[in-house]
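Breakdown of the fold
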Amino acid sequence: MLSKFLAAAVLGSALIVAPALAQAPKSAATGAQSASAAGLWQGSKLIGLNVYNEQNEKIGSIVQLMVNKQGTIDSVVIGVGGFLGMGERDVAVKFSDLKWSNEPVRSTSSSNTMRPATTGAGTTAARSGPTTYPDHAVLGATKDQLKAMPQFDYNK
């Protein structure tokens, strides 16, 4: 009788443990997801990123990302003008209006040398390999056009 009870206990344990053993454990190599491989960017790295016009002139920097209720970035707030944080004004542009570049901004001089990386993330050298944020943004507008836009108000 004891052997039947023991056999039933072993069989019951095997039935309980079998589904757990059937699931292959995810290893770091197979189960981990890479942000750069998935094409994802770190939102915190976009804040502070420099914005250039199509003539490679710096026209501002990203100060905020505005997310809609669906969780999609709708607008990007760009700080324009000012000096050392004084006199800067914020304007909003559609996220879709920006083009993103992983390459450092090319100098407009005739030597065609590359400027160092232009991120607001403290990087001063050109980056290599996959990254989780672009080097800079490009907007088809001039600094004067941005300055003429209405001030972005976070409270209205």
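Residues numbered from 1 in each chain as written. Predicted model: local features only at pLDDT ≥ 70, side-chain atom pairs only at ≥ 80, totals over all residues. Heavy atoms only, no water.

1. Focus: the nonpolar core
Counting 16 residues, the largest nonpolar core has V51, V76, I78, V93, L98, L139 and L146 as the members making the most contacts within it. Contributions of two or more residues to this core are made by β2 (58–67), β3 (73–80), β4 (89–94) and β6 (136–139). Not counting residues up to four positions away in its chain, the partners in contact with V93 are D74, S75, V76, I78, L98, L139, L146 and M149. (Core = buried A, V, L, I, M, F, W, Y, C linked by side-chain atoms within 4.5 Å. Buried < 20%, exposed > 50% of the residue type's maximum accessible area, 1.4 Å probe, protein only. Helix = DSSP H or I, 4+ residues; strand = E, 2+ residues; numbered from the N terminus. Contact = heavy atoms within 4.5 Å.)

2. Topic: the confidence of the model for the chain
For the chain, the mean per-residue pLDDT works out to 77, and 63% of the residues sit at or above 70. Scored below 50 in pLDDT, residues 110–125 shows 38 contacts in the model against residues more than four places distant or in partner chains. (pLDDT = per-residue confidence, 0-100.)

3. Structural notes on the pattern of salt bridges
In a structure, side chains of opposite charge can pair up when their charged atoms sit close to one another. If you walk through the whole model with that rule in mind, you get two salt bridges. Among the salt bridges present, the one from K99 reaches E54, with a minimum N-O distance of 3.1 Å. On the criterion of sequence distance, the pair formed by K99 in strand β5 (residues 98–101) and E54 in the loop between β1 (50–52) and β2 is long-range, its members being 45 residues apart. Salt-bridge contacts for K94 lead to D74; the nearest nitrogen and oxygen are separated by 3.4 Å. Within this pair, whereas K94 is found in strand β4, its partner D74 is found in strand β3, the two being separated by 20 residues in sequence. Relative accessible area serves as the criterion here: at 32%, D74 is assigned to the partly exposed category. (Salt bridge = Lys/Arg side-chain N within 4 Å of Asp/Glu carboxyl O.)

4. Focus on unusual backbone geometry
Even without a glycine there, the phi angle at N56 is positive, about 65 degrees. Examined against the element boundaries, N56 turns out to sit in the loop between β1 and β2. On the basis of relative accessible area, N56 is assigned to the partly exposed category, the value being 24%.

5. Brief notes about the sheet that holds β6
The strand order across the open sheet built from six strands is β4-β3-β2-β1-β6-β5, with neighbouring strands paired in mixed fashion. With partners counted over all chains shown, the strands left at the sheet margins are β4 and β5, one partner each. Averaged over all pairs of adjacent strands, the angle between their axes in this sheet comes to 40 degrees, without regard to strand direction. Of the strand pairs in this sheet, β3 and β4 are connected by six bridges, and their pairing is antiparallel. (Pairing = 2+ DSSP bridges. Axes fitted to C-alpha atoms, helices over the stretch in contact; angles between N-to-C directions.)

6. Quick word on the environment of T142
With respect to the helices and strands, T142 occurs in the loop between β6 and α5 (143–148). A residue is classified by how much of its surface remains accessible, and T142, at 34% relative accessible area, is partly exposed. Residues T142 and E57 lie 85 residues apart in sequence; the distance between their C-alpha atoms is 8.5 Å. Not counting the four nearest positions on each side in its chain, T142 is found in contact with N53 and I59.

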